[in-house]
Amino acid sequence: MDLTNWIGCGPDNFLIISGPCGAETREQVLNTARQIAEIGKVQVFRAGVWKPRTRPGGFEGMGVPALQWLKEVKDRTGLKVMVEVATQIHVEQCLESGVDMLWIGARTTSNPFSVQEIAWALKGVDIPVLVKNPLNPDLNLWVGAIERIHKAGIKKIAAVHRGFFPFEKTRFRNNPGWEIAIELKSMFHELPVICDPSHMSGDAAWIGELSQKALDLNMNGLMIECHFDPVHALCDAKQQVTPKQLGEILDHLKYRVENSDDPQFQDILRDVRNEIDDIDTRLLELLSRRAKLSEKIGIEKFKKNISVLQLKRWEKMQKNRLELAKKLGLPDDFVMNLFQLVHKESIALQTRIMAQLR
Ligand code: PEP
Ligand code: MN
């Protein structure tokens, strides 16, 4: 994909999108937009006009009349406006109403039929399209949706990282899964990635922290839900900030740059990286030695007809490694994940060697 980094990154290019989860009334839309515009740091006003609700009966958006309110937002504040589209008709209605940018929601990205329908409706149109990650941590599904939009001829595409459905309870509504956004960025260097800390956290209290994390990871923008009266919002009330809170969050952000020419910094960076490269080499050498020992133990077990999996030994190992990790100041979950992988590989090696000997 020949993508363009049409947003850039760093303080001068960063794209800040904000607005309510849903457009509810003309007053709510105009009032929120006016206060957001007054902050002077937001370029795009977002509002859901059709809301994808998990269960029927909730607030499903005001539909076409809300598009008229967004036109007024443009005229009065100069902000660009952005709407979620999930069908061909949504796209057509947004284009007719002069909506400036579109986004595809997480539920829609999960469905290639819907994304393709949107892509067909976008043929020959020049409008920026932002593609949210799918609900499940499936990088290919995300890439696939971006590819469909790209194939329709859309030049300005960005990905929106809003986190993934959590299979276990965490403090966040959605599991950030930063590594998936990083993987996407390393596949497509020119693709701008924007963070949506509102849907990621599900709680206004964590928006500042997650926004900073997104900046630290060199993301290209933020999409933050903001409502002039969040307590009475008809959807996602808990995660929407007031315009005042939004201003404070944006004021506190520390923008990072990708590099610095400072020779002293460059020297330190080079030395530390050399040391890291050295450690990684030693880690790999040790892992290779460990793999040979796994094969050796596999042969011995085969001779005595002993099972590969030794649960008691594995439990003892985990306990011992965790104790050691604690002493060394390493986080439990990191060490557990690491040894689960190492152990899985050891089991695979022993199984393979036993099959060969059979
Ligand atoms: C939204 O942006 O309001 C929305 C519905 O988000 P998501 O698709 O990320 O759930
Ligand atoms: Mn929302």
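Residues numbered from 1 in each chain as written. Chains lettered and ligands numbered in written order. Predicted model: local features only at pLDDT ≥ 70, side-chain atom pairs only at ≥ 80, totals over all residues. Heavy atoms only, no water.

Caption draft 1: How the structure looks around the overall build of the protein. Looking only at helices and strands, the protein features 13 helices and eight strands. For the protein, the C-alpha atoms occupy an extent of roughly 80 × 50 × 40 Å along the three principal directions. Every one of the 358 residues in the protein was classed for burial, and the buried ones make up 45%. Counting contacts in the protein only where the partners sit at least 6 residues apart, residues at least 24 apart contribute 73% of the total. Measuring between centres, the 48 positive side-chain charges of the protein sit 8 Å from its 46 negative side-chain charges. (Helix = DSSP H or I, 4+ residues; strand = E, 2+ residues; numbered from the N terminus. Buried < 20%, exposed > 50% of the residue type's maximum accessible area, 1.4 Å probe, protein only. Contact = heavy atoms within 4.5 Å. Lys, Arg positive; Asp, Glu negative; His and termini not counted. Charge placed at Lys NZ, Arg CZ, Asp CG, Glu CD.)

Caption draft 2: Quick look at the packing of aromatic side chains. Using the criterion set out here, one finds four aromatic pairs in the structure. When the centroid spacing of 5.2 Å and the interplanar angle of 85 degrees are considered together, the rings of Phe 14 and Tyr 255 count as edge-to-face. With a gap of 241 residues between them, Phe 14 in the segment before strand S1 (15-19) and Tyr 255 in the loop between helix H10 (243-252) and helix H11 (263-304) connect regions that are remote in the sequence. For Tyr 255, a relative accessible area of 30% translates into the label partly exposed. Arg 171 extends its terminal NZ or CZ atom over the ring of Trp 206, reaching a point 4.4 Å from the ring centre. (Phe/Tyr/Trp six-rings, centres within 6.5 Å; stacked < 30°, edge-to-face > 60°. Lys NZ or Arg CZ within 6 Å of the ring centre and 35° of its normal.)

Caption draft 3: Geometry of the sheet that holds strand S4 (residues 101-104). With respect to topology, eight strands assemble into a closed barrel ordered S1-S2-S3-S4-S5-S6-S7-S8, the strand pairing being parallel. On average, each strand axis in the sheet is tilted by 25 degrees relative to the strand beside it, whichever way the strands run. In the sheet, S1 pairs with strand S2 (residues 44-46) via two bridges, with the strands oriented parallel. Paired with Ser 18 across the bridge in S2 is Phe 45. (Pairing = 2+ DSSP bridges. Axes fitted to C-alpha atoms, helices over the stretch in contact; angles between N-to-C directions.)

Caption draft 4: Structural view of the site of ligand 1. Surrounding ligand 1, one finds Cys 21, Arg 46, Lys 51, Glu 84, Trp 103, Gly 105, Ala 106, Arg 107, Lys 132, Arg 162, His 199 and Glu 225. Measuring from an oxygen atom of ligand 1, one finds a side-chain N or O atom of Arg 46 at 2.7 Å. Separating an oxygen atom of ligand 1 from a side-chain N or O atom of Lys 51 is a distance of 2.8 Å. Compared with its free state, where it exposes 300 Å², ligand 1 has 97% of that area covered by protein. Of the residues belonging to the shell around ligand 1, the class tally is three nonpolar, two polar and seven charged. (Near = heavy atom within 4 Å. Polar contact = N/O pair within 3.5 Å; in protein donor to acceptor, adjacent residues only side chain to side chain. Areas by Shrake-Rupley, 256 points an atom, 1.4 Å probe, with all protein chains shown as cover. Nonpolar A, V, L, I, M, F, W, Y, C, P; charged D, E, K, R; others polar.)

Caption draft 5: The arrangement of the coordination of the manganese ion (ligand 2) in detail. Within the first shell, the manganese ion (ligand 2) binds the protein through Cys 21 (SG), His 199 (NE2), Glu 225 (OE) and Asp 236 (OD), at distances of 2.1 to 2.4 Å. Within one chain, the residues donating to the manganese ion (ligand 2) are spaced in sequence as C-x177-H-x25-E-x10-D. Here Asp 236 lies in the loop between strand S8 (221-225) and H10 and Cys 21 lies in the loop between S1 and helix H1 (26-39), a separation of 215 residues in the sequence. Among the residues examined, Cys 21 registers a relative accessible area of 2% and is labelled buried. On the accessibility criterion, Asp 236 (19% relative accessible area) is buried. (Donors = N, O, S within 2.8 Å, 3.2 Å for Na, K, Ca; no water.)

Caption draft 6: Looking closely at unusual backbone geometry. Positive phi, close to 65 degrees, is recorded for Asn 218, a residue that is not glycine. On the secondary structure map, Asn 218 appears in the loop between helix H9 (207-216) and S8.

Caption draft 7: Region of the structure containing the packing of H11 against helix H13 (residues 332-357). For the pair H11 and H13, interaxial distance at closest approach is 8 Å and the crossing angle is 45 degrees. Put simply, H11 runs oblique to H13. Regarding H11 and H13, the two cross each other, and that crossing is right-handed. Touching Leu 287, Arg 290, Ala 291, Ser 294, Glu 295, Ile 297, Gly 298, Ile 299, Lys 301 and Phe 302 of H11 are Val 342, Ser 346, Leu 349, Gln 350, Ile 353, Met 354 and Leu 357, all from H13. Its residues assigned to classes, the contact of H11 with H13 comprises 10 nonpolar, four polar and three charged. (Parallel < 35°, antiparallel > 145°, perpendicular 65-115°, else oblique. Left-handed = near helix turned anticlockwise from the far one by under 90°.)

Caption draft 8: Molecular detail of the pattern of salt bridges. Across all of its chains, the model carries 17 salt bridges by this definition. Lys 41 is the partner of Asp 251 in a salt bridge, and the nearest nitrogen-oxygen pair spans 2.7 Å. Of the two residues, Asp 251 is situated in helix H10 and Lys 41 in the loop between H1 and S2; the sequence distance between them amounts to 210 residues. A relative accessible area of 36% means that Lys 41 is categorised as partly exposed. Between Asp 216 and Arg 256 there is a salt bridge whose closest N-O contact spans 2.6 Å. Pair noted here: Asp 216 is in helix H9 and Arg 256 is in the loop between H10 and H11, with a separation of 40 residues, a long-range link. Assessed through its relative accessible area of 37%, Arg 256 is described here as partly exposed. Salt bridges here are not isolated pairs; linked through shared partners, they connect Arg 26, Glu 72 and Arg 76. (Salt bridge = Lys/Arg side-chain N within 4 Å of Asp/Glu carboxyl O.)

Caption draft 9: How the structure looks around a nonpolar patch on the surface. There is a patch of nonpolar side chains on the surface, built from Leu 324, Leu 328, Leu 330, Phe 334 and Leu 338 and spanning about 470 Å² of accessible area. Of all elements in the fold, only helix H12 (311-328) and H13 reach the threshold of two or more residues within the nonpolar patch. Mapped onto the elements, Leu 328 comes out in helix H12. Of the residues examined, Leu 328 reaches a relative accessible area of 60% and is grouped as exposed. (Patch = residues over 30% accessible without salt bridge, like charges linked within 9 Å, V, L, I, M, F, W, Y side chains within 5 Å.)

Caption draft 10: Up close: the domain arrangement of the protein. Entries for the protein in the domain assignment read domain 1 (3-252) and domain 2 (263-357). Look at where the C-alpha atoms of domain 1 and domain 2 centre, and you get two points 41 Å apart. (Domains from an automatic or database assignment.)

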